[in-house]
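Commentary on secondary and tertiary structure
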Amino acid sequence: MVRRSLLYCPGDDREMMETAVETGADAVIFDLEDAVAPDETAGARGTVRAMLDALEEPDPHVSVRINPYGRSGEADVEAVVGEADAPPESVVLPKVESPETVDALVEDLERLAGEPVGVVPLIETAAGVVAAEAIAAAAGVDAVAFGDQDFTADVGATVTDEKTESLYARERVVVAAAAAGVDAFDTVHTDVRDLDGLREQAEFVGELGFDGKLAIHPDQVPVIHGAFTPDEEELEWAERVLAGQERASEEGAGAFTVDGQMIDPPLVERARTLVERAEAAGIR
């Protein structure tokens, strides 16, 4: 499953959720945290649950961002997983600072859901960054995401256009995800009018190793897809690598070259990822 774009939409607005699933985003996140006023949360849970039950296949990957555990996250999970006929495919858990919080959510999901529901911890504090490796490796996690706004506020950083203040955190999150064998998603680009800046940022984090990026507006989705979709030259290289790997396997050879470059297992895996992204984009 390829998740290049993950589009947030308010969990208290049925019309916006219906629009979100039609945007072409690889995943949508119905938001019960920041996008919903605290006194509207109970109603939003019902709106999200009704939306989940109304969805038909095929649809994008559907997640729900709950409130932090220890606040009202447990009640969110009861409503959108335990009481839903069709629970989300994953739950986004904000402000995670230890694997124990993930363990508590996973235990509740196993009790409430009749089918597997993945967990996407949001790492958005200094403590979360320090514990990123343990969080990413926790049972039930299928991806981790980085939240820049809360992180920079937590550490008291000066926010710059270049985002150098969060480079270490981003790198730590993406390395933790890779070590755990799960996807890593980068933070939102908050200026929805700045599509050029979004494109530059998405291309940069793709080079760092992120698998996708969070979005807050439908106009951001195609830009993110462009940054995380291979161009023709990259796709041709990937297909040559996979063809070479197939020939090497048939011949019982352990190593092979493509365009004069020695190809090892990490490069084969990189080629597979590029092909998967191309297939998700419909260009292969």
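Residues numbered from 1 in each chain as written. Predicted model: local features only at pLDDT ≥ 70, side-chain atom pairs only at ≥ 80, totals over all residues. Heavy atoms only, no water.

Under the annotation held in an unreviewed UniProt entry, the chain carries the name HpcH/HpaI aldolase/citrate lyase domain-containing protein and is attributed to Halorubrum halodurans. The UniProt entry for the chain carries this comment under Cofactor (unreviewed entry): "Mg(2+)". (UniProt positions renumbered as here; feature names shortened; annotations may be inferred.)

Approximately 540 Å³ is the volume attributed to the largest pocket. As for the largest pocket, its lining consists of 27 residues, of which Gly209, Phe210, Asp211, Arg270 and Arg277 are closest to the centre. When residues of the lining of the largest pocket are traced back to their parent elements, those giving at least two are helix 8 (167-180), strand 7 (183-186), helix 9 (195-208), helix 10 (220-227) and helix 12 (265-281). For the lining of the largest pocket, the element with the highest residue contribution is helix 12, accounting for six residues. Here the lining of the largest pocket spans two domains, since at least three of its residues come from each of domain 1 (5-228) and domain 2 (232-281). Within this model, the second largest pocket holds a volume of roughly 430 Å³. In this structure, the second largest pocket is lined by 19 residues; those nearest its centre are Thr160, Asp161, Lys163, His189 and Gln201. Sorting the residues of the lining of the second largest pocket by element identifies helix 7 (148-155) and helix 9 as the ones contributing at least two each. For the lining of the second largest pocket, the leading source of residues is helix 9, giving four residues. In the lining of the second largest pocket, the residues fall into three nonpolar, eight polar and eight charged. (1 Å grid on protein atoms, 1.4 Å probe; cavity = no way out; pocket = protein on both sides within 12 Å on 5 of 7 lines; lining within 4 Å. Points joined across faces, edges and corners; volume = space filled by probe spheres on them. Helix = DSSP H or I, 4+ residues; strand = E, 2+ residues; numbered from the N terminus. Domains from an automatic or database assignment. Nonpolar A, V, L, I, M, F, W, Y, C, P; charged D, E, K, R; others polar.)

So, on to the pairing of strand 7. In the sheet, strand 6 (residues 143-146) pairs with strand 7 via three bridges, with the strands oriented parallel. Bridge pairing in strand 7 links Val144 to Ala184. Bridging between strand 7 and strand 8 (residues 212-215) involves two bridges; their strand directions are parallel. The partner of Asp186 across the bridge, within strand 8, is Lys213. You can see the chain leave strand 7, run along helix 9 and come back into strand 8, and the turn it takes is right-handed. (Pairing = 2+ DSSP bridges. Right-handed = clockwise from strand over helix to strand, strands pointing away.)

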